[in-house]
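Coordinates in review
The residues making up each chain are set out below.
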Amino acid sequence: MKTDFLVIGAGIAGLTYVIKVAEKLPNKQIVVVTKGGETDSNTNYAQGGVAIVQNNTDSFEKHVQDTLKAGDGLCEEDIVRTVISEGPNCLAEMVEWGVKFDKNQLGDYDLGKEGGHSENRVVHHKDFTGAEISRALHLRLKQLTNVTYLEHHFVVDLISGHHLKNKLSKSQTTCYGAYVLNEQTNEIITIRSKITILASGGAGQVYGHTTNPKIATGDGIAMAYRIGAEVKEIEFIQFHPTALYYQVESPAFLISEAVRGFGAKLVNKNGEKFMSKYDNREELASRDIVAKAIDSELKLIGQEYVYLDCTQLDRIKFKSHFPKITDKCKSIGIDVFKDFIPVVPAAHYICGGISVDRDGQTSIKNLFAIGECSRTGLHGANRLASNSLLEAFVYADKCADKTTELIFKIKQLQNIPNWNSKGTTNPIELILISHNLKELQGLMKDYVGIVRSNERLERARIRLDLLYKETEKLYKKTTISPQLCELRNMITVAYLIVTHSQKRKENKGGFYNTDLV
Ligand code: SIN
């Protein structure tokens, strides 16, 4: 298959990019591949919303300062200013594309508040903003005639100089497209592309206990790293403070931070509030602080969860803003107006990732990355809540501007070899994969969680080394399956998180090593 643009991933970043490029260059061809179906993206699970300065009491400067404070000194200020000032354009465009954001009785946007924000500035659609954005983008996508949308297609690897010349030279590395497994036919197709965009989302599944869907296995980060792309600040994993504690479920159901913005309080098993011990912003301190505070409380009281108390809140308004959360709790026997909601932190977002410039360009020629898989400099050591959908939109826009010019300078490479299927054993024992996945998730949860130490990180590294060797052996001798590729990608991402954690010598934002105190 041959195309001008290959987009990997179909969340807000990928789809925004596709719509923009397709509309700018109707004569160019775009192929979108996604390993899931229409509703399988991290975007689809986003509850809170998009942080955008709207009313007169707020200002870009306040939003900038909140972002810098949350990022704990590691944000790039010029990037922060650029992204935040694009907020109103992003909102206008999304509304034009048909996204519906909630309004109040005066007809103004109903602005939610989340941790780390000094003002109400989160535009939202009830408590399922991501699903609403996703719906509108997919509708728009269907109207485009120069886009081929391939669902249930799993990208095995990016095509680079490695495949062509069999040599590792970073300065020469260029991306020429990808090898993609059609999950229905089990065929690996070669997609040659002038420009490749990774919009492949996050990697919460590395931790097992996560708010991210099953597809969040860090594929884009791992495959970019394999061809030599620079990865930065991946040690900064954001744990969402309040995932619903309900053992049987993966992904963990999120109790949006907007619920605390609405007035809910965190309490221990005796119903006592504890956040004032940790930060004077209490429940609305930034996520790293709240998650760490809960982690310390749990260790102190020897329990597996704390509670969110919503019992004092306005019932009618709560139900109207948070219908999904209310219904979910009800479905497991919790009446949010009478009972406390058991909550626990869960892996939620990777603040770092594939290093990109202001246009989303990676260190590999003709390879771009946008959305959660990228590291732009916006989030620093801890992402401010609801800044990521905004970042995804703004970078999709910038990347579209850049690549719609660049495309005219790139020649399609002709002599790309097809996938060389080395493995022959078919099928393999799935237990070899599922066992190693459980082991990986267990060690990341226990050794590389909210609180780390040198000893835990070293133990994790040693165990990962073994998992890596076993999995590579399997990969070489068996036919390709999505499960095996995902495991391989998750091991790579885990390795990057651990080794970057070992290199970090100062605690910042969402990174905390007890040996550095
Ligand atoms: C939430 O609703 O709490 C999640 C929002 C986000 O991760 O930005």
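Quick look at the overall build of the protein chain now. Per the secondary structure count, the protein chain includes 16 helices and 16 strands. Relative to the compact-globule value of 24 Å for 517 residues, the protein chain shows a C-alpha radius of gyration of 22 Å, a close match. When the backbone C-alpha atoms are referred to their principal axes, the protein chain occupies close to 65 × 50 × 40 Å. With the model as given, the accessible surface of the protein chain reaches about 20,800 Å², and the carbon-plus-sulfur share is 49%.

Burial along strand β12 (residues 306–309) is two-sided: V306 and L308 facing one way and Y307 and D309 facing the other are all buried. Relative to β12, strand β11 (residues 265–267) is paired through three bridges, and the arrangement is antiparallel. By the bridge assignment for β12, L266 is matched with L308. When β12 meets strand β13 (residues 341–350), the two strands line up antiparallel, connected through three bridges. Residue pairing in the sheet places V306 in a bridge with V343 of β13.

Across all of its chains, the model carries 29 salt bridges by this definition. When the shortest N-O distance is used, the salt bridge between E486 and K35 registers 2.7 Å. Here K35 lies in the loop between β2 (30–33) and α2 (42–45) and E486 lies in helix α16 (residues 482–503), a separation of 451 residues in the sequence. K35 sits in the buried class, given a relative accessible area of 15%. D279 serves as the salt-bridge partner of R281, at 3.1 Å between the closest nitrogen and oxygen.

Contact geometry of helix α8 (residues 219–226) with α16 gives a least axis separation of 8 Å together with a crossing angle of 75 degrees. In terms of axis orientation, α8 runs roughly perpendicular to α16. Across the interface between the two elements, D219, I221, A222, Y225 and R226 of α8 pack against E486, R488, N489, T492, V493, Y495 and L496 of α16. Here the contact of α8 with α16 is built from residues that sort into six nonpolar, two polar and four charged.

A few words now on the sheet that holds strand β16 (residues 374–375). Strand pairing within a sheet occurs via backbone hydrogen bonds; the two strands may be parallel or antiparallel. Read from one edge to the other, the open sheet built from three strands follows the order β9-β14-β16, with strand pairing classed as mixed. Among the strands making up the open sheet, the edge pair consists of β9 (231–232) and β16. This element, α8, spans β9 and β14 (353–355) of the sheet and lies at about 45 degrees to β14.

Turning to the pairing of β13, a few remarks are in order. Of all 10 residues in β13, 10 are buried, a share of seventy percent or more. One ladder, built from six bridges, connects strand β10 (residues 237–244) with β13; its direction is antiparallel. Residue pairing for β13: Q238 is matched across the bridge by Y349.

This part covers the packing of aromatic side chains. In this structure the tally under the stated criterion is 14 aromatic pairs. When the ring of F318 is compared with that of F337, the centres are 5.6 Å apart and the planes differ by 80 degrees; the resulting orientation is edge-to-face. With F318 in helix α11 (residues 315–321) and F337 in the loop between α12 (323–331) and β13, the pair connects residues that are 19 residues apart, well separated along the chain. Looking at F337, the relative accessible area reads 8%, which means it is buried. These aromatic residues form a ring-pair network of at least three members: Y245, Y305, Y307 and F340.

Calculation criteria
Residues numbered from 1 in each chain as written. Predicted model: local features only at pLDDT ≥ 70, side-chain atom pairs only at ≥ 80, totals over all residues. Heavy atoms only, no water. Helix = DSSP H or I, 4+ residues; strand = E, 2+ residues; numbered from the N terminus. Rg over C-alpha atoms; globule rule 2.2 N^0.38 Å. Areas by Shrake-Rupley, 256 points an atom, 1.4 Å probe, with all protein chains shown as cover. Buried < 20%, exposed > 50% of the residue type's maximum accessible area, 1.4 Å probe, protein only. Pairing = 2+ DSSP bridges. Salt bridge = Lys/Arg side-chain N within 4 Å of Asp/Glu carboxyl O. Axes fitted to C-alpha atoms, helices over the stretch in contact; angles between N-to-C directions. Parallel < 35°, antiparallel > 145°, perpendicular 65-115°, else oblique. Contact = heavy atoms within 4.5 Å. Nonpolar A, V, L, I, M, F, W, Y, C, P; charged D, E, K, R; others polar. Phe/Tyr/Trp six-rings, centres within 6.5 Å; stacked < 30°, edge-to-face > 60°.

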